[in-house]
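Notes for the structure review
For reference, the chains in residue letters:
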Amino acid sequence: MQVFRAYFKVLRAYAGSIAIYMAIFIGISTLIWRASPRSVVTEFFETKTPVAVINRDGDAPLAQGLADYIADNFTVVPYPDDPEKLQDALFYRKVHYVVIIPEGFSAGFMAAGANDEPVIQKVILPDSMSSHYVDMRIDKFLNAAGIYRDFGSPSRLTETAEDRQAQIVAAVREDLRAETPVILRVAGNAGENSVQESDEAYATYCAYSSYALLAMVILGISSAMLAFNRRDLRLRNLCTPMPKRSLEARLAVGHCLFALGCWAILALVGIALNGTEVFGSGRGWLYLLNCLAFTAVATSIGFAAGHFAKTSSAQSGVVNVVALGMSFLGGAFVPQSVMSQSVLVFSRFLPSYWYIRAIDATKALAGSVSGNVYPIYGYMLIQLGFAAAIFSVTLLFSKERQMTEL
Amino acid sequence: MFMHVFKYRLKCLIRDRDTLFWTAAFPLLLGTMFYFAFGNLMGSSGGSEPVKVAVVNSPEYRNNTYLQLMLGVLSTAGEDQLLDMTLTTESQAQRLLDEGKVAGIITVSADEGVGDSGSSPARLTVTQSGLGQSILKAVLDEYLHTSATATSVLSRGSVDVSELVARLRNRRSYTQQISYSDALPDYMLGYFYALVAMAALYAGLWGMRNTMDIQADLSDKGARRSVAPTHKLAVVMGDWTASLLISFGEMLILLAYLVFALKVDIGDQIGYVLLTCLAGCIAGLSFGTVIGTLFRKSEGTKVATLVASSNLLCFLAGLMYLDMKDIVARKAPVLSYINPAALIADAFYSLYIFDNHRRFFLNIGLLCGFSAVMCFVSFLRLRSEKYASI
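Please read these numbers as outputs of a predicted model, since none were measured by experiment. (Residues numbered from 1 in each chain as written. Chains lettered and ligands numbered in written order. Predicted model: local features only at pLDDT ≥ 70, side-chain atom pairs only at ≥ 80, totals over all residues. Heavy atoms only, no water.)

**Points about the overall build of chain A**
Just so we agree on the cut-off: Put simply, DSSP marks the helices as runs of H or I at least four residues long and the strands as runs of E at least two long, and each gets a number from the N terminus on. The criterion used for residue contact is that any of the two residues' heavy atoms lie within 4.5 Å.
From N to C terminus, chain A includes 16 helices and five strands. For chain A, the share of sequence-separated contacts (at least 6 apart) that also reach a separation of at least 24 residues comes to 79%.

Given below as structure tokens:
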């Protein structure tokens, strides 16, 4: 009991630093939670690519008609005709497409023959599909307008150029009203669909929590071990009547309790943020179990860090490098689906890769647990395998070190 | 005397392995992590693959020559390929959709061809809303709208039908791509610029180390150096130059690593890039010096304060979430003018993206102003300090 009390006394001294990681993590999770969608999707929505429209042709009806058509089909973000602001907007993806209707475009278009038509200028993001999407709509509008211009507009007895433009725009808009029927097929009913959405948020939370878990557990366990491994202290402890084995067993229980505590806090915060819906389908338990397997990994790394790090600065280096490295490479921050294949091949040698794999697989179960859950248990076992390997290697080295030290 | 102080200070600092790790190795490591995690996304805007679609090979589809022609043109391999089409049976198409191998299924129900408007012969089946699905719908809408236009024109009579059909087949592109500069707006670069800013602010650890070793009430070394007959200014300047040399050297290593190993594009105006790095290091050093002189706590607390505030400034400059820099610039512009991390990142960004140097020099000017204020504050605190007892 004394060892046990001393253990948590040491940890209390580090509570501040551990709490910092927790606070940062909760802050980030809350931001993500606020950003992730929870709406029920029961109908098809067209993607409204954000575009900026710079109309230098003023009030000309054709230019205005085109601008209105773009506004109806895309999200127009208002920007002034200032290259610096527009470049900023493109870089930060505030808009994906800048449409510039040059001055005199409408008059030029109306006067032109089939081969010398003026063009709309565009500034786009390199090779993005969304720019093709916008191109299609603009081309469609102007092709239709061109046909009305060349093959008899609705009435050939037009008075002014403006009226003629306005009539063409009206005819084109009329033609562009029709829509292709889209059938949105969803698995199961709308209720299940909403579960799917909240699953996404919870899965993201779980992925991010691997960082917090690693940082907190490694920091806590290695701090305690650093204190107990101080040479004088260790020598004193060795000559007490308490057998070495029972001292170490108590420390081990301390490590486990601390790690479980971290796991429980993260689980509770996750439930507080995301609600309990995800548990209704049984997938919630899979997420928690997976997180527990990863806690074992974090514990083993903390144990190794406590053995190998000699100073507290080396320890903080290890905490940051391991937690950030594993999270980045395993795909906690950036989804595995967008990482390059060669990096993923390497990531397989990291437990965090399998942790994220398990989360992705659980998410894919969506609907019910009747899907194939065995691969997920497999991923968890791999993590436990990593934990066991790290423990064994550390124990091996620590035994050698003790021999040489004494 | 200055040279003597400088030389020994250099030796002394270079042996400080902890600070070396955080100022030199950690940014390199973080850069590598960034590269591994989203290096794949660099140079592209994501989603440049053609949209995969299954088309049900029904008799109705085979009879609809116009739709066949249109889909055929859009799926032709090349730079402008929009669709990746699989012609298949209905059940196979369903399977592909369920497995997520295609974004949608196009089914043609009845052959109405060009000429009839109103009801649509083609319909789209999808399982979710997204860009790919929207493009598919736009393709089918296109078909529908062209039919409507043709019908409407034909209904007015006196139109040469063959000419109209030829015109309908020969669609024009009305957009012409221009660009404001040669630079590709590569979103991912922003993270690397913020990383350089972080490395510059971490140089503050050297500045703080200097203040620890010069104030008599903070360390024994400081006490010893204070009683030495060397002029305080020579000591301070020697320390400063040594730490600036080290942090600038670390910065060059980081830049070389980013440019040559990770292929991060920082533009080709190398002189201006180096100027930014130098101004960044000076800002970082003076920031560390201020924290070192103003806070009278233990070394651990000071380091924690410096690292936490640097990280906060870098967060606002977009290190963890790139949009943050833009959000701050729009919602609280003053903050982005006084945040050294944002100024450094923005200097890199404006060098890369803009053809003129107006915004670049604004950033550098503000950065120098920041350093001047920081130096002045620490000068006020450090000068002619007297200790009643230590």
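**Re the pattern of salt bridges**
For clarity, the cut-off: Salt bridge, as applied in this entry: a Lys or Arg side-chain nitrogen positioned within 4 Å of an Asp or Glu carboxyl oxygen. Between buried and exposed lies partly exposed: a residue is buried under 20% and exposed over 50% of the maximum accessible area for its type, with that area taken using a 1.4 Å probe on protein chains only.
This model, assessed by the stated rule, comprises 24 salt bridges over all chains. Across the pair Asp135 of chain A and Lys122 of chain A runs a salt bridge, and its minimum N-O distance is 2.9 Å. Separated by 13 residues along the polypeptide, Asp135 of chain A in helix 6 (residues 129–150) and Lys122 of chain A in strand 4 (residues 120–124) bring together distant segments of the chain. Comparing Asp135 of chain A with Lys122 of chain A shows no difference in burial state: the two are buried. Ionic pairing is found between Asp346 of chain B and Lys325 of chain B, a salt bridge with its closest N-O pair at 2.9 Å. With Asp346 of chain B in helix 16 (residues 340–353) and Lys325 of chain B in helix 14 (residues 323–331), this residue pair connects regions lying 21 residues apart in the sequence. Each member of the pair, Asp346 of chain B as well as Lys325 of chain B, carries the same accessibility label: buried. It is possible to trace a salt-bridge network through shared partners that takes in Arg9, Asp16, Arg209, Asp213, Lys221, Arg225 and Asp239 of chain B.

**Here's the deal with the interface of chain A and chain B**
Defined as follows: Buried area: the sum, over both parts, of the accessible surface (1.4 Å probe) that disappears when the two are put together. Polar contact is the term for a pair of N or O atoms within 3.5 Å; when the atoms are in protein, one must be able to donate a hydrogen and the other to accept it, and sequence-neighboring residues count only if both atoms are side-chain atoms. Following the grouping adopted for this structure description, the nonpolar residues are Ala, Val, Leu, Ile, Met, Phe, Trp, Tyr, Cys and Pro, the charged ones are Asp, Glu, Lys and Arg, and the polar ones are all others, Gly among them.
If you look at the interface, chain A gives 80 residues, while chain B gives 88 residues. Across the chain A/chain B interface, buried area totals approximately 7,700 Å², and carbon plus sulfur atoms make up 62% of it. Counting every contact that joins chain A to chain B gives seven salt bridges. For Asp141 of chain B, the salt bridge identified is with Arg137 of chain A, shortest N-O distance 3.9 Å. Scanning the region where chain A abuts chain B turns up 27 residue pairs in polar contact (both at pLDDT 80 or more). Elements that contribute at least two residues to the side of chain A that touches chain B include exactly helix 4 (83–91), strand 3 (97–101), strand 4, helix 6, strand 5 (182–184) and helix 13 (312–330) of chain A. Grouping the constituent residues of the side of chain A that touches chain B by class yields 44 nonpolar, 17 polar and 19 charged.

**Things to note about the sheet that holds strand 4 (residues 122–126) of chain B**
Stated formally: Strand pairing follows a simple DSSP-based rule, namely that at least 2 bridges must link the two strands. Helix axes use the C-alpha atoms of the stretch in contact, all axes being lines fitted to C-alpha atoms, and the angles between their N-to-C directions lie in the range 0 to 180 degrees.
With respect to topology, five strands assemble into an open sheet ordered 5(A)-4(B)-3(B)-1(B)-2(B), the strand pairing being mixed. Looking at which strands have only one partner, the edges of the open sheet turn out to be strand 5 of chain A together with strand 2 (83–88) of chain B. Within this sheet the neighbouring strands show an average axis-to-axis angle of 25 degrees, counted without direction. As defined by bridge partners, strand 5 of chain A adjoins strand 4 of chain B across three bridges and the pair is classed as parallel. Within strand 4 of chain B, the residue paired with Val182 of chain A across the bridge is Leu124 of chain B. Together, strand 5 of chain A together with strand 1 (51–56), strand 2, strand 3 (104–108) and strand 4 of chain B form the strand contacts of helix 6 (residues 131–155) of chain B, whose direction differs from that of strand 4 of chain B by roughly 175 degrees.

**A short note on the packing of helix 12 (residues 270–294) of chain B against helix 13 (residues 299–316) of chain B**
All names here are of chain B. Our working rule: Roughly parallel refers to an angle under 35 degrees, roughly antiparallel to one over 145, roughly perpendicular to one between 65 and 115, and oblique to any angle outside these ranges. By the definition used in this description, the sense in which the near helix is turned from the far one sets the handedness, with an anticlockwise turn below a right angle giving left-handed and a clockwise turn giving right-handed.
Close contact between helix 12 and helix 13 brings their axes to 10 Å; oriented N to C, the two are set at 140 degrees. On the basis of the axis angle, helix 12 is oblique to helix 13. Between helix 12 and helix 13 the crossing geometry is right-handed. Between helix 12, through Phe287, Gly288, Ile291 and Gly292, and helix 13, the contact on the second element is made entirely by Lys302, Thr305, Leu306, Ser309, Ser310 and Leu313. For the contact of helix 12 with helix 13, the per-class residue count stands at four nonpolar, five polar and one charged.

**So, the environment of Glu385 of chain B**
Relative to the elements of secondary structure, Glu385 of chain B occurs in the segment after helix 17 (358–382). Placed 159 residues apart in sequence, Glu385 of chain B and Ser226 of chain B show a C-alpha to C-alpha distance of 9.8 Å.

Read these as spatial facts, not as claims about activity.
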